Number of protein chains: 2
Amino acid sequence: MTNAVEVRITDPEDETKELVGTVPIGETLLDAAIAAGADILATCGRRGRCRSCRVKIISGDVPPATLQDRVQLGIEDVQEQFRLSCQTRVIAPCSIMLAPPRTESGHQILTGSNEEGIGDLAISSGVEKTYIEASAPMDEHIQTTDLGEILAKLPSETETDTSLNVMRQIPNVLRDASGRMTVTTFNNRITHLETGDTTEHMYGMAFDIGTTSIVGTLVDLTTGEELAAVGNVNPQAVYGGDLMSRIAYAQFDLKKLATLRGEALNAVNGFIEEACEIAEISSEHIYKLVVVGNTCMHHIFLGIDTSHVGLAPYAPAVSGAIELPASELPLKRAPNAVVCLLPIIAGFVGADTTAAILATKIHESDVTRCLVDIGTNGEVVMGSKDKLMACSAPAGPALEGGQIHQGMRAAVGAIEKVQIDDDMHVQTIGNAKPIGICGSGLIDAISAMMDAGLVDGAGRLRHKDHEDLPKKLAARFVTDGKARHIVLALAEETGVNEDIILTQMDIRQLQLAKGAIYAGILMLQHVMEVPDENLDELYVCGGFGNYISMESAIKIRLIPGLPPERVSYFGNAALLGAQMALLSEEERTSAEEIVHTVEHVALATHPTFQEIFVDACNLAEIDLKAERKRDRQAARA
Amino acid sequence: MTNAVEVRITDPEDETKELVGTVPIGETLLDAAIAAGADILATCGRRGRCRSCRVKIISGDVPPATLQDRVQLGIEDVQEQFRLSCQTRVIAPCSIMLAPPRTESGHQILTGSNEEGIGDLAISSGVEKTYIEASAPMDEHIQTTDLGEILAKLPSETETDTSLNVMRQIPNVLRDASGRMTVTTFNNRITHLETGDTTEHMYGMAFDIGTTSIVGTLVDLTTGEELAAVGNVNPQAVYGGDLMSRIAYAQFDLKKLATLRGEALNAVNGFIEEACEIAEISSEHIYKLVVVGNTCMHHIFLGIDTSHVGLAPYAPAVSGAIELPASELPLKRAPNAVVCLLPIIAGFVGADTTAAILATKIHESDVTRCLVDIGTNGEVVMGSKDKLMACSAPAGPALEGGQIHQGMRAAVGAIEKVQIDDDMHVQTIGNAKPIGICGSGLIDAISAMMDAGLVDGAGRLRHKDHEDLPKKLAARFVTDGKARHIVLALAEETGVNEDIILTQMDIRQLQLAKGAIYAGILMLQHVMEVPDENLDELYVCGGFGNYISMESAIKIRLIPGLPPERVSYFGNAALLGAQMALLSEEERTSAEEIVHTVEHVALATHPTFQEIFVDACNLAEIDLKAERKRDRQAARA
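This one's a predicted model, so the numbers in the text were calculated from it and none came from an experiment.

Visitor: Help me out: how do you make sense of the domain arrangement of chain A in this one?
Guide: Often, the extent of an interface is quoted as the loss of accessible area on bringing the components together. Residue and element names in this part refer to chain A. For chain A, the assigned domains are domain 1 (4–98), domain 2 (127–195) and domain 3 (203–341). Placing the centre of domain 2 and that of domain 3 at their C-alpha centroids yields a distance of 31 Å. Opposite the seven residues of domain 2 that make contact, domain 3 presents eight residues. Elements with a minimum of two residues in the side of domain 2 that touches domain 3: strand E7 (180–186) and strand E8 (189–195). Residue classes in the side of domain 2 that touches domain 3 are distributed as two nonpolar, five polar and no charged.

Right, here's the structure in full:
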């Protein structure tokens, strides 16, 4: 069991006793507790629908919270490292405490109204299914209509007008099965009719369409349960890796725009199909889709020309919340769904950021918080319930493993941790043989190399003699022509039969990427006059997969050097926000309010940006005077 | 000039002077007045946009009023035989009076708000075009959107959400021609964007989709001017002539339903194209379509299964007012239009009847009036502003020339009048050589034959020796095997080189058709307890073309024997009502109110219907006792 890890388990009832459960990476904390023989309950059958199996992570890596964690435990508890053990997958050795007492401050953000009295917000997706027994009109004198007979059995607030698709269903559904049918409404408008009682099947999906990846989740709209998670590379990527090259591809060419749109629609249709297969449900029962994405992805998805989104002042064509039938897009795999797109904040601060704000709730915060959403385009939002400011940081794909010599997405085989002693040791996702390096691995590798003196604060790979280094480590430096690189994993250890290397150019790419993000944070701190000590909490969100070391992120100056307890990794906040809007129309309405309160700061045209950016690209704070002095001394020598 | 007719013209200023203008049939009364050298004005240039050329028809056939007559003169004046001479085509010799004084009771039903102070209702189609000069967003810091910049130039009541199609237009229209553009809204929602100033081009179309024919008009939504009239046989007719056979064709077969729907959509698309060619406008500038039709045509047009509309109790699937984008149907020839379907009253009392009520305004009448809409399916509506009742009379196509041996639509060459002295004389539409007989001709022929004793009250063609008849007339009776018929036009006089005949079977078909209509009228009189003397006015509407002799209609008992001044021909009231809803959202809203006030009377299941129907099929009131006595005497002889 090479990829097994130990989970230490304490019980607050008897703190002297410590159990240890050993499970393979990827199994749940619940599995570990059971393996250890701990006294743990899973009342709902591991479905994330109750709180009986909750634990607190005392030490070790804390995996990002799932939607279920947030629904059942509330955001405050989640931030204090409480998790549902049935939902949390073990990623590294850790210590947990069983069923700990809830803190006073804990509150729910979303909960099923059928759950036992917890939470202050009910699930209210806007979708309702009602089983009725209606009959076809019988009397020729007092003429009613088929629709009239159906409406008579529904709540009076049901709207009398409906879509052409529903009208076409009416005559036959009313007469099949003697009028026994299920009527689905969205915000009181009939969206679907079906023979028989299908009230148990009410699903929705949330999608985050990113420049690099598209991810989605299938959710039960009655219980809030997540039934499937799907996702993959955005197939548009072959037409340009970053936003600007994607826009350039289709600029002033509506045919190419249609190509990009087709790729996105096909992908989403495919994900819907895949999610339904995983959950073994019919896609006919998906009634609501919430889609977020940056402005460019949003516009392409709708078929709106992005030519001008790519030109100053980068204004979106439209920014408001959008609601339309899936058939209009068309998303054929969800024929009965209403598609809701969350509103956009600005050209480069899109609906994904709106969703991330919703998820992190910084718009409700009493203290100043900061949300850093790291993607091909990074966004930074800072503020509190009084004021929010946002900016966009064009990081490029390096932090997601793109434009890195052997970069890859955070998938099995990706190097995600690097340790250096007398040699270099890598840890990969799934403990598989390394096949490349992902964004979080890159951050960890460079942080470790800084500690070991293999790279300096300006990002230069060590280029003097390596005699002072341990032999194995020294051997890892290779010069190929003029380019230098360091070997992270030797060919014989890898899954690709070649050395996995990190080049000087890779380090430069990472510096530009992290420099853009860090400059965005510094700029908002500057504009809002928030020194580090006043920044109460910083959430790092984005597509790093399961794990990013905050210590390493601080080390390389991706984020400010805040104390560890004030920094946390939030996972895919955009997708989580989309899920919240999926489960709650109140949250979806909040999103519309949020966008009006966020002030956009345009980085590139800001007078002090260049200066801040140049500094932010360094891996360590550099004393320029001392640096120049060293350079002069070196020249003299 | 064989088809020329005389128009006698008097001037109220000098009643002693009578002028005579001779013009070909089809020219306008204005042409006749000018030919006669009368002192007449046509201030608006013959466009029906002013009242300067108005005349009153003193004697002779009164052509049905056009929409312009109603807009400019008001319904009361129109009923008193006032017409705009520029809009009224001469169909027979007549006498007119120039610019007569308006009666006190005259009022307008609709008028352009740009007309000089007449009328109490303004044109308010809901469509508005606004020329604006907007600019693309300029500032990266204070980010607006393309749509935001456009909305800033529009009235504040403009809705901020719009369709996907409009969203897709936004970026490029805003940047072409430096933001000079025309925005079209329908009820304050943006429906179209265009470069430049196109505010002059704002059109709509009204359609009546009948079982036998589809007719439509193209109207200028600014002025109310009718720019083109189009129409032809409903191409669905090849799948069944009457409603029931049309329904039977597609019953429980959605593929065949799609075939019927495709025929209707193609036809309407074709008519839109044709009308735009006639008027030399772009179909992009059609923004509103109002469609009426019976329930079956309505459902087929929308793609709603009509299987159950054809089965007792003949309930519609839906009946409310419908509003949807043309692209959803799809009607590709009017890409920017909103399609409005007026509401339905009952299974066989459709949106066409709703429109006819709107046009005749019997829902606003103080006295009891009756509207008889004659089509393949006839509808009768009776009542006043206090109460309205409606029934459907399955006439079949005979009154439109269908299922008649040599029947035809009311087109050039159709016999429309028959006179009998010592021979038979026919008059055709357009004074062309006869090629068949239309519905109104059939009514006129049978009426004349009754007067001449050629057909009896039971509808039997004279079958004794014809020695008492003038020789030429006697020669027109022909017996072909067992079937008897009468020759209306001899082969050498016709345009088809064969005798045009009227068969005993034709007379029977007419009897069944007119019997159904008359029974409907009698039934409503019975149920509402309205004797003839209390029936203040009866409007005959429908597809007879230009002319139906009310005298003949009364003679054959198609309608009750009211005094001539209480009966009038109203033309295509359904189309007129659709035009009114096209020009006025207030009228369209009225239609929704009307349907809730009309009580439906189901004829076929009414206990006394059979008795009434059998009587109503006779051409004359028959004293059954005397009849039986005659029969017995004949048997003894």
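Visitor: Sorry, what's going on with the sheet that holds strand E22 (residues 483–489) of chain B here?
Guide: Remark on secondary structure: sheet strands pair via backbone hydrogen bonds, oriented parallel or antiparallel. Residue and element names in this part refer to chain B. Here we have three strands laid out as an open sheet, ordered E21-E22-E23, and antiparallel in their pairing. Of all strands in the sheet, those with a lone pairing partner are strand E21 (477–480) and strand E23 (500–503), marking the two edges. Neighbour to neighbour, the strand axes of the sheet diverge by 40° on average, direction disregarded. Where E21 lies against E22, four bridges are found, and the strand directions are antiparallel. If you follow valine 478 over to E22, its bridge partner there is histidine 485.

Visitor: Even after reading the chapter, I still don't get the interface of chain B and chain A, so can you show me in this structure?
Guide: If you look at the interface, chain B gives 42 residues, while chain A gives 42 residues. Of all the secondary-structure elements, those providing two or more residues to the side of chain B that touches chain A are helix H4 (146–151) and helix H5 (164–175) of chain B. At seven residues, the largest contribution of residues to the side of chain B that touches chain A is made by H5(B). Here the residues of the side of chain B that touches chain A sort into 20 nonpolar, 14 polar and eight charged.

Visitor: Could you clarify how one ought to interpret the relation of the copies chain B and chain A in this entry?
Guide: Two copies of a chain can be linked by a rotation about an axis combined with a shift along that same axis. For the pair chain B and chain A, the superposition axis carries a translation of 0.1 Å, the fit reaches an RMSD of 0.1 Å, and the rotation angle comes to 180°. The relationship between the two copies is best expressed as a two-fold rotation axis. Within chain B, Glu328(B) has its C-alpha nearest the rotation axis, a separation of 4.3 Å. Most of the interface of chain B is mirrored in chain A: 100% of its interface residues are interface residues there too.

Visitor: Would you mind going over unusual backbone geometry with me for this structure?
Guide: It is generally the case that most residues other than glycine have a negative phi and that most peptide bonds are trans. Cis peptide bonds are those with omega within 30 degrees of zero, and the linkage from Ala312(A) to Pro313(A) qualifies with 5°. Relative to the elements of secondary structure, Pro313(A) occurs in the loop between helix H8 (295–302) and strand E13 (322–325). A cis amide bond links Leu329(B) with the next residue in sequence, Pro330(B), at an omega value of -5°. Summarising the element assignment, Pro330(B) is placed in the loop between strand E13 (322–325) and strand E14 (338–341). With a phi close to 70°, Gln81(B) is a non-glycine residue in the positive phi region. The class for Gln81(B) is buried, based on 20 C-beta atoms found within 10 Å. Positive phi values are uncommon outside glycine, yet Asn497(B) reaches one of about 55°. Take Asn497(B): there are 8 C-beta atoms within 10 Å of it, and that puts it in the exposed class.

Visitor: Looking at this structure, how should I read the sheet that holds strand E5 (residues 94–98) of chain A?
Guide: Residues and elements named next belong to chain A. Pairing in this open sheet of five strands is mixed, and the strands run E2-E1-E5-E3-E4 from one edge to the other. The open sheet has two free edges, formed respectively by strand E2 (14–24) and strand E4 (82–84), since each of these has just one partner strand. The mean angle between the axes of side-by-side strands here comes to 35°, regardless of whether they run parallel or antiparallel.

Visitor: I'm lost on helix H12 (residues 504–528) of chain B in this one. Help?
Guide: Three or four residues apart is the spacing at which side chains of an α-helix point the same way, because the helix has 3.6 residues per turn. Counted at 1.5 Å a residue, the expected span for H12(B) with its 25 residues is 36 Å, and the 35 Å between its end C-alpha atoms agrees. A positive phi of about 55° marks Glu529(B), the residue just after H12(B).

Cut-offs used in this document
- Counting restarts for each chain: residues are numbered from 1 in the order of the written sequence.
- Written order decides the labels, with chains lettered from A and ligands numbered from 1.
- For this predicted model, a pLDDT threshold of at least 70 governs which residues receive local features, and a threshold of 80 or more governs which side-chain atom pairs are given and counted, while totals over whole chains, interfaces and linings are taken from all residues.
- As annotated, the domain borders come from an automatic or database domain assignment.
- Throughout, a residue-residue contact means that the two C-beta atoms, derived from backbone geometry, are no farther apart than 7 Å.
- Labels follow the DSSP assignment, with helices taken as runs of H or I lasting at least four residues and strands as runs of E lasting at least two, numbered in each case from the N terminus.
- When residues are grouped by polarity, Ala, Val, Leu, Ile, Met, Phe, Trp, Tyr, Cys and Pro land in nonpolar, Asp, Glu, Lys and Arg in charged, and all others, Gly among them, in polar.
- DSSP calls a pair of strands paired once it identifies at least 2 bridges connecting them.
- In this analysis, axes come from line fits to C-alpha atoms, helices being fitted only over the stretch in contact, and the angle between any two N-to-C directions falls in the range 0 to 180 degrees.
- The copies were overlaid by least squares, fitting only the C-alpha atoms of residues that reach a pLDDT of 70 or more in each copy.
- Partly exposed residues are those whose C-beta has more than 12 but fewer than 20 other C-beta atoms within 10 Å; 20 or more makes a residue buried and 12 or fewer makes it exposed, with C-beta atoms placed from the backbone.
- Take the residue count of a helix, subtract one, and multiply by 1.5 Å to get its expected span.

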